[in-house]
Amino acid sequence: MSSPSHPARSFRTLVYPAGVDLSTSALRFLARELTARRLAQGTRWRRLAAGRQELLVLAHLRCGNTYAQLAAGFGVGTTTAYRYVAEAVDILAALAPTLTEAVRAASGKAFVILDGTLLPIDRIAADRPFCSGKHKKHGMNVQVIADPAGRLLWASPALPGSVHDIKAARTHGIIGALAGAGVECWADKGYRGAGGTVRVPYWGRWETLFPGQRAVNCSHAKVRALVEQAMATLKTWRLMRKLRCSTSRITSLVQAVLTLHLTCSN
């Protein structure tokens, strides 16, 4: 007896309207930069206009949509979606402030706060350079500088997650730049021995500290906690919560997000 036949199943991509929680200033800014790039290159025709390309890029960075999802939503190929994102990210990354510019902007503030964050990545256990012993996961180390109100001023290039915060700060030249500009910096115990203008809490277990040292550490922790706002600002861009791209592209993505954040906040 033959088995009953079943109708062939067909799968289609469902497309629905969605929103991106960004101001129109980011849309106009990126569209202007993309238009300028097209004019400089003499581009005569593109599948998407500059405004649509900009929206595609923001959907990727802000919402973390995959290239396949973007391709379906905007009616282009997956390769085209990747190329559009890569082009815009490179443009934005080139506009990100350098450490020198960030320190110059911070020189007029009472102090800054320095801390490191781990951006999770999609890697296997064998990739030891990217494994953070502190966080027990794979990721990339990014150093963040915030102002006294917790606003994000600068984010560093990404290093493998196994790199300690103090080594990352020295690698990027953050400690020397802050000391050269005379900018006071508050940091956690991970930067112990940094020197310069970096202030860290007293070292030791709580019960072994003197009352005065405990009071200083409490005050220090209250000030340093403000940097969490800058960390949260960076990770409101959902792509930063789980990066599934090549590690060589993560620095450009971080710098692109920094550019867009500073543009939207100004």
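This is a predicted model, so every value here is computed, not measured. (Residues numbered from 1 in each chain as written. Predicted model: local features only at pLDDT ≥ 70, side-chain atom pairs only at ≥ 80, totals over all residues. Heavy atoms only, no water.)

**Student:** I'd like a description of the environment of Arg-205, backed by residues and values.
**Tutor:** The topology assignment puts Arg-205 in the loop between strand E7 (198–199) and helix H8 (211–224). Using a relative accessible area of 58% as the deciding quantity, one classes Arg-205 as exposed. Arg-205 sits 70 residues away from His-135 along the chain, and the two C-alpha atoms are 21 Å apart. A distance of 2.7 Å separates polar atoms of two side chains, one belonging to Arg-205 and the other to Glu-207. (Helix = DSSP H or I, 4+ residues; strand = E, 2+ residues; numbered from the N terminus. Buried < 20%, exposed > 50% of the residue type's maximum accessible area, 1.4 Å probe, protein only. Polar contact = N/O pair within 3.5 Å; in protein donor to acceptor, adjacent residues only side chain to side chain.)

**Student:** Could you give an account of the environment of Pro-211, with specific residues and numbers?
**Tutor:** Tracing the backbone through its elements, the reader meets Pro-211 in helix H8. Take Pro-211: its relative accessible area is 65%, and that puts it in the exposed class. For the pair Pro-211 and Gln-69, spaced 142 residues apart in sequence, the C-alpha to C-alpha distance is 57 Å.

**Student:** Break down the pairing of strand E1 (residues 112–120) for me, citing the residues and quoting the values.
**Tutor:** By the criterion of burial, E1 is predominantly enclosed, with nine of the nine residues buried. Side chains Val-112, Leu-114, Gly-116, Leu-118 and Pro-120 project from E1 onto one buried face, and the interleaved Ile-113, Asp-115, Thr-117 and Leu-119 project onto a second face that is buried too. Examined bridge by bridge, E1 and strand E6 (residues 185–186) share two bridges and lie parallel to one another. Bridging across to E6, Val-112 finds its partner in Cys-185. Note: E1 against strand E3 (residues 137–146), eight bridges, orientation antiparallel. By the bridge assignment for E3, Leu-114 is matched with Ile-145. (Pairing = 2+ DSSP bridges.)

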